[in-house]
Amino acid sequence: MKQKIKAKAQQLAQNPATKKALLSMKPEKSPWGFLGIILFFIAPEIIAFIWGVPITSYAKTELLLATSAVEQQYYKLLVMLFEEGGSWINLGIGMALLIWLFF
């Protein structure tokens with residue numbers, strides 16, 4: 001069974017379509033590519049590690065006072081995003097993409 005899985009993994013890695021898909025995912029070497037990785041992967045996690053608890057408590061307090069459905073959704077989203085704190089996995093993915101950008 002292990003040999004079969006290993007053979008399939010090697011076959012998948014050597015497939016030209018896989019290589020093409022992997023290259024299409026690579027961020028573009030430009031200031032926008034760099035800023036995109038920083039703004040969408042790394043910055044939110046750092047903010048969640050540092051200010052996750054105050055943001056969550058603020059959103060829960062404001063959720064009780066929200067008057068419209070849009071406000072309620074906004075505060076629920078803030079609670080969902082920052083309640084658990086930062087994610088080391090997402091931060092690692094952001095760092096890996098940043099390293100991949102320069103190679």
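Residues numbered from 1 in each chain as written. Predicted model: local features only at pLDDT ≥ 70, side-chain atom pairs only at ≥ 80, totals over all residues. Heavy atoms only, no water.

**Focus on a nonpolar patch on the surface**
Reasoning step 1: Side chains of Trp32, Phe34, Leu35, Leu39, Phe40, Phe41, Ile89, Ile93, Ile99, Phe102 and Phe103 sit close together on the surface and give an oily, nonpolar patch of about 1,300 Å² of accessible area.
Reasoning step 2: Of all elements in the fold, only α3 (31–65) and α5 (88–102) reach the threshold of two or more residues within the nonpolar patch.
Reasoning step 3: Sorting elements by how many residues they give to the nonpolar patch places α3 first, with six residues.
Reasoning step 4: Within the element layout of this structure, Ile93 appears in helix α5.
Reasoning step 5: Residue Ile93 is classed as partly exposed on the basis of its relative accessible area of 40%. (Patch = residues over 30% accessible without salt bridge, like charges linked within 9 Å, V, L, I, M, F, W, Y side chains within 5 Å. Areas by Shrake-Rupley, 256 points an atom, 1.4 Å probe, with all protein chains shown as cover. Salt bridge = Lys/Arg side-chain N within 4 Å of Asp/Glu carboxyl O. Helix = DSSP H or I, 4+ residues; strand = E, 2+ residues; numbered from the N terminus. Buried < 20%, exposed > 50% of the residue type's maximum accessible area, 1.4 Å probe, protein only.)

**A few points about the side chain of Thr56**
Reasoning step 1: The topology assignment puts Thr56 in helix α3.
Reasoning step 2: Of the residues examined, Thr56 reaches a relative accessible area of 8% and is grouped as buried.
Reasoning step 3: Of note is the side chain of Thr56, whose polar atom sits 2.7 Å from the backbone oxygen of Gly52.
Reasoning step 4: Beyond its immediate chain neighbours, meaning those up to four positions away, Thr56 contacts Val79, Phe82 and Glu83. (Polar contact = N/O pair within 3.5 Å; in protein donor to acceptor, adjacent residues only side chain to side chain. Contact = heavy atoms within 4.5 Å.)

**Digging into the environment of Trp100**
Reasoning step 1: Among the secondary structure elements, Trp100 is positioned in helix α5.
Reasoning step 2: Judged by its relative accessible area of 25%, Trp100 is partly exposed.
Reasoning step 3: In the structure, Trp100 is positioned 74 residues away from Lys26 in sequence and 7.3 Å away in space, judged by C-alpha atoms.
Reasoning step 4: Not counting residues up to four positions away in its chain, the partners in contact with Trp100 are Leu22, Met25, Lys26 and Pro27.

**Observations concerning the packing of aromatic side chains**
Reasoning step 1: Counted by the stated rule, this structure contains four aromatic pairs.
Reasoning step 2: Plain terms: the ring middles of Tyr74 and Tyr75 are 5.1 Å apart, the flat faces sit at 65° to each other, and that makes the pair edge-to-face.
Reasoning step 3: Take Tyr75: its relative accessible area is 10%, and that puts it in the buried class.
Reasoning step 4: Chaining the aromatic ring pairs together yields one cluster made of Tyr58, Tyr74 and Tyr75. (Phe/Tyr/Trp six-rings, centres within 6.5 Å; stacked < 30°, edge-to-face > 60°.)

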